[in-house]
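# Residue-level structural notes
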Amino acid sequence: MAASRIVFLMYHELELTGRKLCQSEPGYLRYILPLEPFRSQMAWLKQFGWRGLSVSEALRYPSDASACITFDDGCETDLIAAAPVLREFGFNATFYLTAGFLGTPGYLNASQARDLDGQGFEIGCHSMTHSYLSDLSEPELEREVVDAKHNIEEIVGHPIEHFSCPGGRYDQRTLQMARQAGFATVANSQFYANSPTTNPYELGRVAMLRELTLEQFSATCQGHGLWKKRLQYQARRSVQRALGNHAYDHLRAIWLGEPRQ
Ligand SMILES: [Zn+2]
């Protein structure tokens, strides 16, 4: 019997003692887990008999309790921190790389991306420059979706099938472009579990926030309370739409106490 639904978890860079993060503003830090809480979450899954799956594996909806594990941005900690923990517990995951960040400080370089791929983890694409895709012209969008796919494929030497949207922003043009480019799925950052009837171009994912307790983590994996987060997300998104992404980010920076830019 196939699972009725699977929660897709969305991680970012992991924090290691003594190591500088790729970015430092509070809006970024919110999404960064130190290594230990991440390890505890994986240990919780293992302890209770859950499987940790890549996107391709999750889309087969196996009957055992499963979580889909994804990482955005392509930080170096994917390889040096997340991968060893995942391997320790026998879990797979999908790492969505930002093509244009490869080889820049704090991010994976091409040979590290190949290493991650060679270890059996799944590599996906997270755009070229991490721009909000819904703000872009057609040629810009093509570069973010199509050229980024080709860049990463050239590095790993095989097709890349999965795309995730920077900042969760996308529109119908984005999805159409991704489909035409040959992506089989697009993941966003909306709070819903996916099921065999979910549109593969609108896979929901739940952001793993720094403040998440282990209890909240276990509830999330079981899909509890996602509707509440979804309502909050929709409220936030309607403010974003009304203000535009740029003005929204400016306001958010003020709320979170970031320096004005
Ligand atoms: Zn991102």
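Up top you'll find the structure we're talking about.
Notes on the structure follow.

Criteria and cut-off values
Residues numbered from 1 in each chain as written. Predicted model: local features only at pLDDT ≥ 70, side-chain atom pairs only at ≥ 80, totals over all residues. Heavy atoms only, no water. Helix = DSSP H or I, 4+ residues; strand = E, 2+ residues; numbered from the N terminus. Buried < 20%, exposed > 50% of the residue type's maximum accessible area, 1.4 Å probe, protein only. Contact = heavy atoms within 4.5 Å. Salt bridge = Lys/Arg side-chain N within 4 Å of Asp/Glu carboxyl O. Donors = N, O, S within 2.8 Å, 3.2 Å for Na, K, Ca; no water. Patch = residues over 30% accessible without salt bridge, like charges linked within 9 Å, V, L, I, M, F, W, Y side chains within 5 Å. Areas by Shrake-Rupley, 256 points an atom, 1.4 Å probe, with all protein chains shown as cover.

What follows is about the environment of Ser-134. Inspection of the secondary structure assignment puts Ser-134 in the loop between β7 (122-125) and α6 (138-156). For Ser-134, a relative accessible area of 29% corresponds to the partly exposed category. Among residues more than four places away in sequence, those in contact with Ser-134 are Arg-169, Tyr-170, Asp-171, Arg-173 and Asn-245.

Inspection of the entire model under this criterion finds 8 salt bridges. Note that Glu-76 is salt-bridged to Arg-19, the shortest N-O span being 2.9 Å. Highlighted residues: Glu-76 in the loop between β5 (66-71) and α4 (77-89) and Arg-19 in the loop between β2 (14-15) and α1 (26-29), separated in sequence by 57 residues. Owing to a relative accessible area of 24%, Arg-19 belongs among the partly exposed residues under this scheme. Where Arg-51 meets Asp-64, a salt bridge forms, and the shortest distance between an N and an O atom there is 3.6 Å. In this pair, Arg-51 is assigned in strand β4 (residues 51-53) and Asp-64 in the loop between α3 (55-58) and β5, connecting sequence segments 13 residues apart.

Around the zinc ion, the protein contributes the donor atoms Asp-73 (OD), His-126 (NE2) and His-130 (NE2), at 2.0 to 2.1 Å from the metal centre. Between consecutive donor residues of the zinc ion, the sequence gaps follow D-x52-H-x3-H. Of this pair, Asp-73 sits in the loop between β5 and α4 while His-126 sits in the loop between β7 and α6; the two residues are 53 residues apart in sequence, bridging distant segments of the chain. Note on accessibility: Asp-73 and His-126 belong to one class, buried.

Looking at where Gly-167 falls in the secondary structure, it is placed in the loop between β8 (162-164) and α7 (172-181). For the pair Gly-167 and Ser-131, spaced 36 residues apart in the sequence, the C-alpha separation amounts to 8.2 Å. Among all residues touching Gly-167, those that are not within four sequence positions of it are His-130, Tyr-132, Ser-189 and Arg-237.

Our focus in this paragraph is a nonpolar patch on the surface. Residues Val-239, Leu-243 and Leu-251 make up a contiguous nonpolar surface patch of roughly 210 Å² in combined accessible area. Along the chain, Leu-243 falls in helix α9 (residues 226-243).

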